[in-house]
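Chains, contacts and geometry: an overview
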Amino acid sequence: MKLKTRLIVAFCVIILLPIGLTGAVLWGFYKIQTHEVRQTYGLEGDTGGFLANSLQLMNRYTQNDYEEIFELSKSDPERLQSEEYLRQANGKLREKSSFLIFCKDGEVVYNGYQGESILDDEQWEQELPPYGDAESYGNVSAGYYIDGETQSLLKQVDFVCSDNSEGSIYIITSSESVLPEIRQTLVEMGIAVVLILALTAGLMTIWLYRGTMTPLKKLQVATKNIKEGNLDFTIDYDEADEMGELCRNFEEMRQRLKESTEEKMAAEQENKALISNIAHDLKTPITAVKGYSEGILDGVADTPEKMERYCRTIYNKANEMDHLINELTLYSQIDTNRIPYNFNKINVSAYFRDCVDEIGLDLETRNIGLSYFNYADEDTVIIADPEQLMRVINNIIHNAVKYMDTRKGQINIRIKDVGDFIQVEIEDNGRGIAARDLPYIFDRFYRTDASRNSATGGSGIGLSIVKKIIEDHGGKIWATSKPNTGTIMYFVIRKYQEVPNE
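Quick notes on the rules
- Counting restarts for each chain, with residues numbered from 1 along the sequence as it is written.
- Since the coordinates come from a predicted model, pLDDT governs what is reported: local features require at least 70, and pairs of side-chain atoms require 80 or more to be given and counted, while whole-chain, interface and lining totals use all residues.
- Side-chain numbers here rest on the full set of heavy atoms in the structure, without hydrogens or water.
- Helix and strand assignments come from DSSP, with helices taken as H or I runs of at least 4 residues and strands as E runs of at least 2, each series counted from the N terminus.
- Burial status follows relative accessibility: with a 1.4 Å probe on protein chains alone, a residue under 20% of its type maximum counts as buried, one over 50% as exposed, and anything between as partly exposed.
- By definition, residues are in contact when any of their heavy atoms lie within 4.5 Å.
- Areas reported as accessible are Shrake-Rupley estimates using a 1.4 Å probe. Residue values count occlusion only from the protein chains shown.
- Strand pairing requires that DSSP identify at least two bridges connecting the strands.
- Every axis in this analysis is a line fitted to C-alpha atoms, fitted for helices over the stretch in contact. Angles between the N-to-C directions lie between 0 and 180 degrees.
- Only the six-membered ring of Trp is used, alongside the rings of Phe and Tyr, when aromatic pairs are assigned; centres must lie within 6.5 Å, and planes under 30 degrees apart are stacked while those over 60 apart are edge-to-face, with the rest tilted.
- Two conditions define a charge located above a ring, namely a distance within 6 Å from the ring centre to NZ of Lys or CZ of Arg, and an angle within 35 degrees of the ring normal.
- Whether a crossing is left-handed or right-handed is set by the direction in which the near helix is turned from the far one by less than a right angle, anticlockwise for left-handed and clockwise for right-handed.
- When residues are grouped by polarity, Ala, Val, Leu, Ile, Met, Phe, Trp, Tyr, Cys and Pro land in nonpolar, Asp, Glu, Lys and Arg in charged, and all others, Gly among them, in polar.

Attention now moves to the overall build of the protein. Helices and strands together make up the secondary structure of the protein, namely 13 helices and eleven strands. Across the 502 residues of the protein, 38% fall into the buried class. Taking as baseline every contact in the protein between residues at least 6 positions apart, the subset at least 24 positions apart corresponds to 65%. Summed over its atoms, the accessible surface of the protein is roughly 29,300 Å², and 52% of this surface lies on carbon and sulfur atoms.

Glancing now at the sheet that holds strand β11 (residues 486-494). Read across the open sheet, the five strands follow the order β6-β8-β9-β11-β10; overall the sheet is mixed. Of all strands in the sheet, those bounded by a partner on one side alone are β6 (368-374) and β10 (476-482). For this sheet, the mean inter-axis angle between neighbouring strands, taken without regard to orientation, is 15°. Pairing of β10 with β11, which is carried by seven bridges, proceeds in the antiparallel orientation. In the sheet register, Lys 476 faces β11, and the bridge partner there is Val 492. Along the sheet face, helix α12 (residues 386-402) touches β6, β8 (409-418), β9 (421-428), β10 and β11 and points at about 170° away from the line of β11.

Scanning all chains against the criterion turns up eight aromatic pairs. Geometrically, the ring pair formed by Tyr 292 and Tyr 310 is edge-to-face, given 4.8 Å between the ring centres and 85° between the ring planes. Remark: Tyr 310 occurs in helix α10 (residues 304-335) and Tyr 292 occurs in helix α9 (residues 242-297); sequence separation between them is 18 residues. Positioned above the aromatic ring of Phe 233 is the side chain of Arg 254, whose terminal nitrogen or guanidinium carbon lies 5.2 Å from the ring centre. Above the face of the Trp 478 ring, Lys 476 is positioned so that its terminal group lies 5.9 Å from the ring centre.

To continue, consider the sheet that holds strand β1 (residues 98-104). Pairing in this open sheet of four strands is antiparallel, and the strands run β2-β1-β4-β3 from one edge to the other. Both edges of this open sheet fall to β2 (107-111) and β3 (152-160), since each of them pairs with a single strand only. Direction aside, neighbouring strands of the sheet carry axes that sit 25° apart on average. This element, helix α4 (residues 63-75), spans β1, β3 and β4 (166-174) of the sheet and lies at about 15° to β3.

Buried within helix α13 (residues 462-472) we find Gly 462, Leu 463, Ser 464, Ile 465, Val 466, Ile 469 and Ile 470. Directly after α13, the chain includes Gly 474, whose backbone phi takes a positive value near 80°.

Angle between the axes and distance between the axes: these two values describe a pair of packed helices. One can describe the packing of helix α11 (residues 348-365) onto α12 by two numbers: an axis separation of 11 Å at closest approach and a directional angle of 35°. Of the two possible hands of crossing, α11 and α12 adopt the one that is right-handed. Mapping the contact onto sequence places Tyr 351, Phe 352, Cys 355, Glu 358, Ile 359 and Leu 363 in α11 and Pro 386, Leu 389, Met 390, Ile 393, Asn 394, Ile 397 and Val 401 in α12. Classifying every residue of the contact of α11 with α12 by side-chain character gives eleven nonpolar, one polar and one charged.

In structure tokens:
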């Protein structure tokens with residue numbers, strides 16, 4: 001669940017759940033309280049409306065006692081003057097937080113209040129309404145008699161005594177002691193509401209905490225690992241929310257950082273290998289140049305033949321160093337994808353004829369035969385950089401010559417037309433390449449000859465340069481070989497075709 005949705009849900013739950021639970025709790029307390037009020041005070045019917053109005057409730061739960069006294073005032077007034085009856089009636093009223101007072105001719109004859117008196121008899125005589133205020137059945141003289149913070153509700157029944165004196169019985173209910181259950185209920189309701197709010201807030205806090213802190217802890221561990229240089233871990237959190245997206249992005253960043261680090265380490269190893277290879281391969285021709293130069297200076301080359309041989313050797317070794325330096329320069333350009341290309345339309349027949357003439361002179365001095373076969377049409381044209389394509393041919397032939405260990409070396413160059421491409425095959429009769437090495441010969445710094453010597457030395461980047469140039473021409477290169485028989489290098493370049501005007 002998305003964080004925005006989670007917050008909306010949490011907000012709604014925090015608002016609606018407490019309202020719903022509080023309503024349910026209030027309804028439950030209401031039902032319980034009305035039931036207890038009915039049982040305690042003997043009420044019948046609907047007491048809900050009276051619970052909201054304390055005056056009406058106080059009036060109602062002594063209504064039966066009032067009616068009983070009123071009936072006796074009509075049918076048997078003598079009984080109302082009996083102290084025994086007054087004590088009995090007052091005992092019943094005490095259960096309802098009420099008491100009874102009997103006045104005769106305005107004087108208090110019986111006061112049923114027990115405990116610390118609210119008012120003394122003289123004060124009651126002054127405060128109680130006079131005889132005659134209760135005129136008919138059901139008419140209740142009700143009012144609040146205040147003494148400090150104490151309030152009381154009064155009901156009055158008037159009757160004529162047997163001696164023709166005026167008698168009044170008052171039912172008095174103290175609001176201070178009425179309905180202790182309601183007070184307790186209010187306290188319980190307040191506690192329940194607080195608990196509901198605390199529970200709701202706690203549940204939402206835990207829900208939000210688990211939804212956010214779980215992925216944050218994983219990210220914290222991940223950042224600590226990255227800080228310590230450890231990239232070999234995974235973030236296993238894939239939820240469909242913002243935190244899940246953040247974790248997925250962080251995991252992708254970790255993978256790319258790991259790949260970048262591995263590539264950087266590999267590049268450093270390659271650079272170290274290149275420096276080592278170039279240093280070794282430059283040392284051999286430099287040593288030869290120094291040796292033959294010293295021979296000339298010391299007069300060892302004392303004949304024209306020796307002088308010519310020494311000079312040719314120095315020239316050849318200088319060419320080797322120049323070739324190594326050119327490879328190193330081109331390698332740096334390959335690494336930054338900045339090889340300078342100058343593409344032109346090239347006639348295949350004329351171009352490769354010139355290449356063979358140039359290469360043949362050098363191979364002739366090395367006692368290596370060269371054969372050239374062109375099976376393509378004379379007017380076949382390709383789009384290529386002639387300088388870089390010549391570098392490809394030279395690198396392949398140089399590599400073939402370097403590993404040629406036969407008395408009579410032979411190199412064959414064949415040009416074929418293969419549909420939309422021309423295919424160039426360069427075959428030698430050298431030692432060949434083992435099957436296990438063949439898939440890797442175009443990798444940078446890969447050498448089939450693990451032992452380094454002056455005859456087979458090299459930087460290990462020649463064929464990787466060849467592959468890069470051919471691929472930049474939109475072509476493809478591969479090789480086949482048989483040990484002790486020879487190797488054939490193949491590459492294809494797309495032919496140039498005129499687009500007809502419609």
